[in-house]
Amino acid sequence: MDALDKKILNRTQRGIPVSEQPFADIANELDCTEEQVINKLQHMLDDGLLSRFGPMYDAASLGGAFTLSAMQVPEERFDEVTEIVNAFSQVAHNYKRQHRLNMWFVVACESQDEIQAVLQNIEQQSSLRVYDFPKEEEFYVGLYLPV
Amino acid sequence: MLDSTYQSRERKKAPLTAIEREFILLTQQGLPIVSRPYDHLAEKLKLSVAEILAMSEDLLERGVIRRIAAVPNHYRAGYTFNGMTVWDVQDDVVKEYGALIGRLPFVSHCYRRPRCLPEWNYNLFAMIHGKNEQQISEYRTQIKQLLKDVLQTGQHKSNDMLTSSKILKKTGLRLQKKKD
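The residue numbers shown here count from 1 along each chain, following its written sequence. To read the labels, note that chains go from A and ligands from 1, taken in the order they are written. In keeping with the model being predicted, local features are shown solely for residues with a pLDDT of at least 70 and side-chain atom pairs are shown and tallied solely at 80 or more, while totals for entire chains, interfaces and linings include all residues. As a convention, hydrogens and water are excluded, and side-chain values are obtained from all of the structure's heavy atoms.

**Description of the overall build of chain B**
The line we're drawing: Numbered from the N terminus, helices here are DSSP runs of H or I no shorter than four residues, and strands are runs of E no shorter than two. Partly exposed describes any residue whose relative accessible area lies between the buried limit of under 20% and the exposed limit of over 50%, with all areas from a 1.4 Å probe on protein chains only and scaled to the type maximum. Note that accessible areas follow from Shrake-Rupley with a 1.4 Å probe, and for residues the cover is restricted to the protein chains shown.
When helices and strands are tallied, chain B shows five helices and five strands. Helices and strands in chain B line up, N terminus first, as α-α-α-β-β-α-β-β-α-β. Evaluated residue by residue, chain B yields a buried proportion of 48% over its 180 residues. As displayed, chain B offers around 9700 Å² of accessible surface, 51% of which is attributable to carbon and sulfur atoms.

**Things to note about the pattern of salt bridges**
Rules: For this document, the term salt bridge refers to a Lys or Arg side-chain nitrogen within 4 Å of an Asp or Glu carboxyl oxygen.
Under the defined criterion, the tally for this structure stands at 19 salt bridges over all chains. Residue A:Glu29 is joined to A:Arg11 by a salt bridge in which the shortest nitrogen-to-oxygen separation is 2.7 Å. Remark: A:Arg11 occurs in helix H1 (residues 3–13) and A:Glu29 occurs in helix H2 (residues 22–30); sequence separation between them is 18 residues. Between B:Arg36 and B:Asp39 there is a salt bridge whose closest N-O contact spans 2.7 Å. The partly exposed category is assigned to B:Asp39, whose relative accessible area is 27%.

**Comments concerning the interface of chain A and chain B**
Note the threshold: What makes two residues a contact is simply this: any of their non-hydrogen atoms within 4.5 Å. Buried area: the accessible surface (1.4 Å probe) lost by two parts on joining, summed over both. Any N or O atom pair separated by 3.5 Å or less is treated as a polar contact, with the protein-specific requirement of one donor-capable and one acceptor-capable atom, and with residues adjacent in sequence counted only for side-chain atom pairs. Polar here means any residue other than Ala, Val, Leu, Ile, Met, Phe, Trp, Tyr, Cys and Pro, which are nonpolar, and Asp, Glu, Lys and Arg, which are charged; Gly is therefore polar. DSSP bridges decide pairing: two strands pair if at least two such bridges lie between them.
Contact with chain A, which involves 71 residues of that partner, is made by 73 residues of chain B. Of all residues in chain A, the largest losses of buried area upon contact with chain B belong to A:Val18, A:Tyr57 and A:Phe139, amounting jointly to 11% of the total for that side. Seen at the junction of chain A and chain B, the total is eight salt bridges. We note a salt bridge from B:Arg112 to A:Glu137, for which the minimum N-O separation is 3.1 Å. For the interface between chain A and chain B, the tally reads 39 residue pairs in polar contact (both at pLDDT 80 or more). When the residues that make up the side of chain A that touches chain B are grouped by side-chain class, the tally is 38 nonpolar, 18 polar and 15 charged. Pairing analysis gives four bridges linking strand E6 (residues 137–141) of chain A to strand E3 (residues 107–112) of chain B, with the strands arranged antiparallel. Bridged to A:Glu138 within E3(B) is B:Tyr111.

**Quick look at the packing of H2(A) against helix H3 (residues 34–46) of chain A**
Residues and elements named next belong to chain A. Selection rule: Lines fitted to C-alpha atoms define the axes, with helix axes restricted to the stretch in contact, and inter-axis angles between N-to-C directions lie between 0 and 180 degrees. Any angle that is under 35 degrees is reported as roughly parallel, and any over 145 degrees as roughly antiparallel; angles of 65 to 115 degrees are reported as roughly perpendicular and all others as oblique.
In the contact formed by H2 and H3, the axes pass within 8 Å of each other and the chain directions differ by 110°. When the interaxial angle is binned, H2 and H3 end up roughly perpendicular. Only Glu34, Val37, Ile38 and Leu41 of H3 make contact with H2, whose side of the interface consists of Phe23, Ala24, Ile26 and Ala27. Here the residues of the contact of H2 with H3 are counted per class, giving seven nonpolar, no polar and one charged.

**Here we look at H2(A)**
All names here are of chain A. What counts is decided by this rule: This arc is built from the directions going out from the helix axis to the C-beta atoms.
Within the sequence span of H2, burial applies to Pro22, Phe23, Ile26, Ala27 and Leu30. Summarising the axial view, the buried residues of H2 lie within an arc of 140°, below the 170-degree limit, and thus occupy one face. Of the surrounding secondary structure, the elements contacted by the buried residues of H2 are H1, H3 and strand E1 (50–57).

**A word on the confidence of the model for chain B**
Residue and element names in this part refer to chain B. The test is simple: pLDDT is a residue-level measure of predictor confidence that goes from 0 to 100.
Looking at chain B, pLDDT values average 86 and 84% of them are 70 or higher. Across residues 1–12 the pLDDT falls below 50, and counting only partners more than four positions away or on other chains, this stretch makes 24 contacts in the model. Interface confidence in the predicted complex, given as ipTM, is 0.83; pTM for the same model is 0.81.

**Overview of the UniProt feature "domain: Siroheme decarboxylase NirL-like HTH" (unreviewed entry) in chain A**
Heads up, the condition is: UniProt positions are given in the numbering used here, feature names are shortened, and annotations may be inferred rather than shown by experiment.
Mapped onto the present numbering, the UniProt feature "domain: Siroheme decarboxylase NirL-like HTH" (unreviewed entry) falls at residues 5–49 of chain A. As a span, residues 5–49 of chain A carries 69% helix and 0% strand, and end to end its C-alpha atoms are 11 Å apart.

**With respect to the UniProt feature "domain: Siroheme decarboxylase AsnC-like ligand binding" (unreviewed entry) in chain A**
In the numbering used here, UniProt assigns the feature "domain: Siroheme decarboxylase AsnC-like ligand binding" (unreviewed entry) to residues 67–138 of chain A. Across residues 67–138 of chain A, helical content stands at 33% and strand content at 35%; the span's end C-alpha atoms are separated by 13 Å.

**Side note on the environment of B:Thr171**
Structurally, B:Thr171 can be placed in the segment after strand E5 (160–170). A relative accessible area of 36% places B:Thr171 in the partly exposed class. Through-space distance from the C-alpha of B:Thr171 to that of B:Ile65 is 19 Å; in sequence the pair is 106 residues apart. Apart from the residues within four sequence positions on either side, B:Thr171 is in contact with A:Val91, A:Ala92 and A:His93.

**Looking at the packing of aromatic side chains**
Put simply, the test is: In summary, the pairing rule links any two rings of Phe, Tyr or Trp, Trp by its six-membered ring, whose centres are within 6.5 Å, and it sorts them by plane angle into stacked for under 30 degrees, edge-to-face for over 60 and tilted for everything else.
All told, the structure shown has nine aromatic pairs over all chains when counted by the stated rule. Taking the centre distance of 5.5 Å and the plane angle of 20° together, the rings of A:Trp104 and A:Phe133 count as stacked. Of this pair, A:Trp104 sits in strand E4 (residues 103–109) while A:Phe133 sits in strand E5 (residues 130–133), and the two are 29 residues apart along the sequence. Pair check on accessibility: A:Trp104 and A:Phe133 agree, each one buried. When the ring of B:Trp120 is compared with that of B:Tyr122, the centres are 4.9 Å apart and the planes differ by 85°; the resulting orientation is edge-to-face. With a relative accessible area of 0%, B:Trp120 lands in the buried category.

In structure tokens form, the structure reads like this:
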């Protein structure tokens, strides 16, 4: 990455203007050409340095129901329970974390009822309790990763 | 013409219109990195570019779109460490302090979630990201310092940071095409 790559990445992470030619606006700000902004961003995307480029949607606004759940899984059963949990298409993310509650996963469904059904199903199949921590209030979502 | 003309609406939590759903379906994989990225959307949705831009502004204002931006791959950008910090904050001030913590540059998500007593006494979650273990430990100390007057200690004592030791599954959240 050269200095201009870094400037472009840092600038475009914060959100591009809504306009007919947003990359020309960015180029103006950064004192380079529109073509440079476009080529460099496209290269970063192709190269996997960017995971995506475009609108970031608030999943909850799109409808549906979400929750964060956790389980205390005995170490010797960890792989087996991971398989049970991951088999649900409604489980979007699942992380092993260092804590007594060592498995944390996000469940995304069409409705609140479906969430409850999935969690109950996981409890039945694993014979382990599922702790449910639905979001009650959101203070911030987003991250700026300066490069 | 009427049904394809986009009209801005007042209510923030207004449900998505059919044309907005189409817009989302067309853009959730990303926006083309070309000189005029909205032109093909205008064409597909049979709207003018001005109407597409108005729709984008409105969705941003309503919080449906958080921002239109480049999203770096955490790992490739060197941010390989994350920690889910969890705090037991007095309920009457959790809103105020949650907003404060959410504004820290290294915090990616900050939420109030229910306690689950006696096993889980934490009500404020803040996800932090850093380039090494020392960095996230320093970030956690900064949060603790900000919260020092409002943390509840009691029988459950300390506040935790749950570092991620393994990604077991990660899929994107996507709006599904309606099955009609």
